[in-house]
Amino acid sequence: MSGPDISVVICVYTEDRWEDILAAVASVRTQSRPALETLLVVDHNPALQDRLTKEYKETGAVRVLANAGPRGLSAGRNTGIAASRGEVIAFLDDDAVAERNWLRRFAEGYADPRVLAVGGRTVPIWASGRRPAWFPEEFDWVVGCTYRGLPPGRVQVRNVLGGNASFRRTAFDAAGGFATGIGRDGDRRPLGCEETELCIRLTRARPDAVLLIDDRAVIHHRVPEAREHFGYFRTRAYAEGLSKALVARSVGAGKGLESERRYTTRVLPAGVARGLRDALLARPGGAGRAGAIVAGVLTAAGGYVVGRARTRRGGATFSVVRIEKTTQGSTGEAHD
């Protein structure tokens, strides 16, 4: 089949998601464009690693690896990159399933040699069976999904979204790997933005690079019941502000907040207006959605202010990892 060979990396950390992990792997194995391999990177959980090794011991296309770096999603991804063999490395969340043409759409994007990253569209699967009436689509990033305000189709973007993304291997050669200290650490800190920081760093290293999102590359992401509540919404918004402060420290506020300015000044006011209109028309959840948008903005702004203060005091640090190819999945770190 023409086009680049694609390795798929799925980072896992808890046996509580056992069935989700199996479903994620199964969705990769049934792709219309087969993956070269699937790498399951286990984040410092020997029991889960042993169980997965036994589950896939007869499956040559699935490899189980231990995270060779510090605990957290970024180091797990870097371990997968280092151990992978494909020209392109795709990333899938451990609680998501990919539609059948997911990898085919990614591969099509790389027909242009300037393209160094291709992302896709992530659709929420709500545990309750439907979106909470108060939950605004503009904030679907809170639950790791594509949010209202992103342009449709196949479009050039500043950054792809990490749970449904792919990169040429040469992107990591040019810019290094994911920065540790920004992204998630299991369920401990609902941080993010590690893919944003990487993408901005990449386009600085390669100004000619093109990064795309193709909304036909679809995955379905499970949203657990605990994340359907306002308490998690607020916590995640605050953590996003903390994360943006780290990104701004790494790449500068101008580039680090470029997309967020448009989102805050155009997309969110339109969302508030829709919510208020729905409230006036007695449609369910309208006032709640408008209020949640305002609360989300204020909470994220508060997190950003706190994060900036911490970075100035030196209380928040992160490392940019240089990827070294290895069959064992080890990486070398260069501290920022």
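Computed from a predicted structure; not experimentally measured.

Observations concerning helix α10 (residues 286–313)
In this model, α10 (28 residues) spans 41 Å end to end at C-alpha, consistent with the 40 Å of a helix rising 1.5 Å per residue. For α10, every residue scored as buried is listed here: Gly-286, Arg-289, Ala-290, Ala-292, Ile-293, Gly-296, Thr-299, Ala-300, Gly-303, Tyr-304, Gly-307 and Thr-311.

A closer look at the packing of aromatic side chains
Summed over all chains, the structure comprises 16 aromatic pairs. Considering the side-chain rings of Trp-134 and Phe-135, the 5.1 Å spacing of their centres and the 45° angle between planes classify their relative orientation as tilted. Ring geometry for Trp-134 against Phe-233: centres 5.5 Å apart, planes inclined by 80°, an arrangement best described as edge-to-face. Of the two residues, Trp-134 is situated in the loop between β6 (115–126) and β7 (154–156) and Phe-233 in helix α7 (residues 230–251); the sequence distance between them amounts to 99 residues. Linked through ring pairs, Trp-126, Trp-134, Phe-135, Phe-139, Trp-141, Tyr-147, Phe-230, Phe-233 and Tyr-263 together constitute an aromatic cluster. The residue whose ring lies beneath Arg-51 is Trp-18, and the NZ or CZ to ring-centre distance is 3.8 Å. The ring centre of Phe-91 lies 5.7 Å from the NZ or CZ of Arg-77, which sits over that ring.

Side note on the nonpolar core
Core analysis: the biggest nonpolar cluster contains 33 residues, and Ile-10, Leu-40, Leu-52, Leu-92 and Trp-102 have the highest contact counts within it. If one sorts the elements of this core by residue count, helix α1 (residues 18–29) sits on top with six residues. With sequence-adjacent residues up to four places away left out, Leu-92 is seen in contact with Val-8, Val-9, Ile-10, Cys-11, Ala-24, Ser-27, Val-28, Ala-98, Trp-102, Gly-163 and Ile-219.

Overview of the side chain of His-221
Inspection of the secondary structure assignment puts His-221 in strand β9 (residues 210–223). The buried category is assigned to His-221, whose relative accessible area is 4%. Residues contacting His-221, with those up to four places away along its chain left out, are Asp-93, Asp-95, Ala-96, Thr-122, Val-123, Pro-124, Ile-125, Val-143, Gly-144 and Cys-145.

A closer look at unusual backbone geometry
For His-44, which is not a glycine, the phi torsion comes out positive at approximately 55°. If you trace the backbone, His-44 turns up in the loop between β2 (37–42) and α2 (46–55). The partly exposed category is assigned to His-44, whose relative accessible area is 37%. Of note, Ala-282 is a non-glycine position whose phi angle comes to about 60°, a positive value. Within the secondary structure layout, Ala-282 lies in the loop between α9 (258–280) and α10. Ala-282 sits in the exposed class, given a relative accessible area of 65%.

Digging into the pairing of strand β8 (residues 164–168)
Among the five residues of β8, five are classified as buried, and the element is accordingly described as predominantly covered. Of the two faces of β8, both are covered, the one formed by Asn-164, Ser-166 and Arg-168 as well as the one formed by Ala-165 and Phe-167. Examined bridge by bridge, strand β4 (residues 88–92) and β8 share five bridges and lie antiparallel to one another. Within β8, the position partnered with Phe-91 by the bridge is Ala-165. Where β6 lies against β8, three bridges are found, and the strand directions are antiparallel. Within β8, the position partnered with Val-118 by the bridge is Ser-166.

Here we look at the environment of His-44
A sequence separation of 32 residues divides His-44 from Val-12, and the C-alpha atoms of the two residues are 9.4 Å apart. Here His-44 is in contact with Asn-67, Gly-69, Pro-70 and Arg-71, once residues within four sequence places are set aside. For His-44, the side chain forms a polar contact with the main-chain oxygen of Gly-69, separated by 2.8 Å.

Things to note about the environment of Ala-133
Structurally, the position occupied by Ala-133 is in the loop between β6 and β7. Here the alpha-carbon distance between Ala-133 and Gly-286, two residues 153 residues apart in the chain, equals 7.8 Å. Setting aside chain neighbours within four positions, we find Ala-133 in contact with Pro-284, Gly-285 and Arg-289.

Basis of the calculations
- As a convention, each chain's residues are numbered from 1 in the sequence order in which they are written.
- In keeping with the predicted nature of the model, local features appear solely for residues at pLDDT of at least 70, side-chain atom pairs appear and are counted solely at 80 or more, and the whole-chain, interface and lining totals rest on all residues.
- Side-chain metrics rest on all non-hydrogen atoms present in the structure, leaving aside hydrogens and water.
- Numbering of helices and strands runs from the N terminus, with a helix taken as a DSSP run of H or I at least four residues long and a strand as a DSSP run of E at least two residues long.
- Take the residue count of a helix, subtract one, and multiply by 1.5 Å to get its expected span.
- We call a residue buried when its accessible area falls under 20% of the maximum for its residue type, exposed when it is over 50%, and partly exposed in between, using a 1.4 Å probe and counting protein chains only.
- By convention, a stacked pair of Phe, Tyr or Trp rings (six-membered ring in the case of Trp) has centres within 6.5 Å and planes under 30 degrees apart, an edge-to-face pair has planes over 60 apart, and any other such pair is tilted.
- When the NZ atom of lysine or the CZ atom of arginine is within 6 Å of a ring's centre and also within 35 degrees of its normal, the charge is said to sit over that ring.
- For this analysis, a nonpolar core means a set of buried residues of the types Ala, Val, Leu, Ile, Met, Phe, Trp, Tyr and Cys, connected via side-chain atoms within 4.5 Å.
- Residue contacts follow a heavy-atom distance rule, with two residues in contact if any of their heavy atoms lie within 4.5 Å.
- DSSP bridges decide pairing: two strands pair if at least two such bridges lie between them.
- Two N or O atoms count as a polar contact when they lie within 3.5 Å, although within protein this holds only if one can serve as hydrogen donor and the other as acceptor, and sequence-adjacent residues are included solely when both atoms are side-chain atoms.

These figures capture arrangement, not role.
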